[in-house]
Amino acid sequence: MKEQTNDISIADIISFKGEYLGLSLPSGYRFDIGFRIQNPKIVICEALPDNNDELTLYRNAILLVSKRAFTNDISPLLRKVTEKTLPAAVILEIEKTDPTTCINLEGAENFPVLFTTLEISLFYKRLVESIEVLTRPKINMHGVLMDIYGLG
């Protein structure tokens, strides 16, 4: 028997529940989605932080940014976050089909920036469910299936 670790990556989330979460990747944007997150924290950002002390919450966290937190350009928040800390991912609530037209992702190559069409509250609920499933302890073991009187 081999027990697996309970860390996940953004790639795990995308491949497991990407469609359920309404996730999309920015076109032409490159980042390391294989980065492993241990005990992932989720932080909802409703507004731009006033001071740099709040930014320490974002280290290794999945940062969910509500559309109320920005008007047309999320670049100031991304710059502020990358100056002080490195989140595991930033997920933006956005309605547009191609959000890269209104968002400058320059300087945010060190962490994934993804988009969701879902409201942040619904996305949060679904993300927590997905992370719980992905981080459950798993054990691989060999087994034999038998059919006894139509039951197996």
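Every value quoted in this text rests on a predicted model; they were computed, and no experiment measured them.

**Student:** Honestly, the pairing of strand E7 (residues 89-93) in this entry has me stumped. Any pointers?
**Tutor:** Each regular strand carries side chains that alternate between the two faces of the sheet. The buried fraction of E7 is high, at 5 of 5 residues. Inspection of the sheet shows strand E6 (residues 61-65) paired to E7 by 4 bridges, in the parallel sense. Within E7, the residue paired with Ile62 across the bridge is Ala89. Pairing geometry for E7 and strand E8 (residues 113-116), over 4 bridges, is parallel. Within E8, the residue paired with Glu93 across the bridge is Thr116.

**Student:** It is not clear to me how the packing of aromatic side chains should be interpreted in this structure. Could you clarify?
**Tutor:** Pairs of aromatic rings are described using the distance from one ring centre to the other and the angle between the two planes. Per the stated rule, a full pass over the model turns up 0 aromatic pairs. Positioned over the ring face of Tyr20 is Arg126, at 4.4 Å from the centre of the ring.

**Student:** Before we go on, may I ask you to explain the packing of helix H1 (residues 10-17) against helix H3 (residues 120-135) in this structure?
**Tutor:** For any two helices packed against each other, one specifies the crossing angle of their axes together with the interaxial distance. Where H1 meets H3, the axes come as close as 11 Å, and the angle between the chain directions of the two elements is 105°. Considered as vectors, H1 and H3 are oriented roughly perpendicular to each other. Contacts between H1 and H3 pair Asp12, Ile13, Phe16 and Lys17 from the former with Leu127, Ser130, Ile131, Val133 and Leu134 from the latter. For the contact of H1 with H3, the per-class residue count stands at 6 nonpolar, 1 polar and 2 charged.

**Student:** Would you explain helix H2 (residues 75-84) in this entry?
**Tutor:** An α-helical segment advances 3.6 residues per turn. Residues three or four places apart therefore align on the same side. Regarding H2, the residues found buried are Ser75, Leu77, Leu78 and Val81. Down the axis of H2, the sector holding all buried residues measures 160°, keeping them to one side. Opposite the buried face of H2, at more than 90 degrees from it, the exposed residues are Glu83 and Lys84. Buried positions along H2 lie against strand E5 (41-45), E6, E7 and E8.

**Student:** Got a minute to help me understand the pattern of salt bridges in this structure?
**Tutor:** Under the criterion given, the structure shown has 1 salt bridge. Lys125 is paired through a salt bridge with Glu129; the nearest N and O atoms lie 3.6 Å apart. Here Lys125 pairs with Glu129, and both are found in helix H3, just 4 residues apart, close to one helical turn.

Calculation criteria
- Residues numbered from 1 in each chain as written.
- Predicted model: local features only at pLDDT ≥ 70, side-chain atom pairs only at ≥ 80, totals over all residues.
- Heavy atoms only, no water.
- Buried < 20%, exposed > 50% of the residue type's maximum accessible area, 1.4 Å probe, protein only.
- Helix = DSSP H or I, 4+ residues; strand = E, 2+ residues; numbered from the N terminus.
- Pairing = 2+ DSSP bridges.
- Phe/Tyr/Trp six-rings, centres within 6.5 Å; stacked < 30°, edge-to-face > 60°.
- Lys NZ or Arg CZ within 6 Å of the ring centre and 35° of its normal.
- Axes fitted to C-alpha atoms, helices over the stretch in contact; angles between N-to-C directions.
- Parallel < 35°, antiparallel > 145°, perpendicular 65-115°, else oblique.
- Contact = heavy atoms within 4.5 Å.
- Nonpolar A, V, L, I, M, F, W, Y, C, P; charged D, E, K, R; others polar.
- Arc of directions from axis to C-beta.
- Salt bridge = Lys/Arg side-chain N within 4 Å of Asp/Glu carboxyl O.

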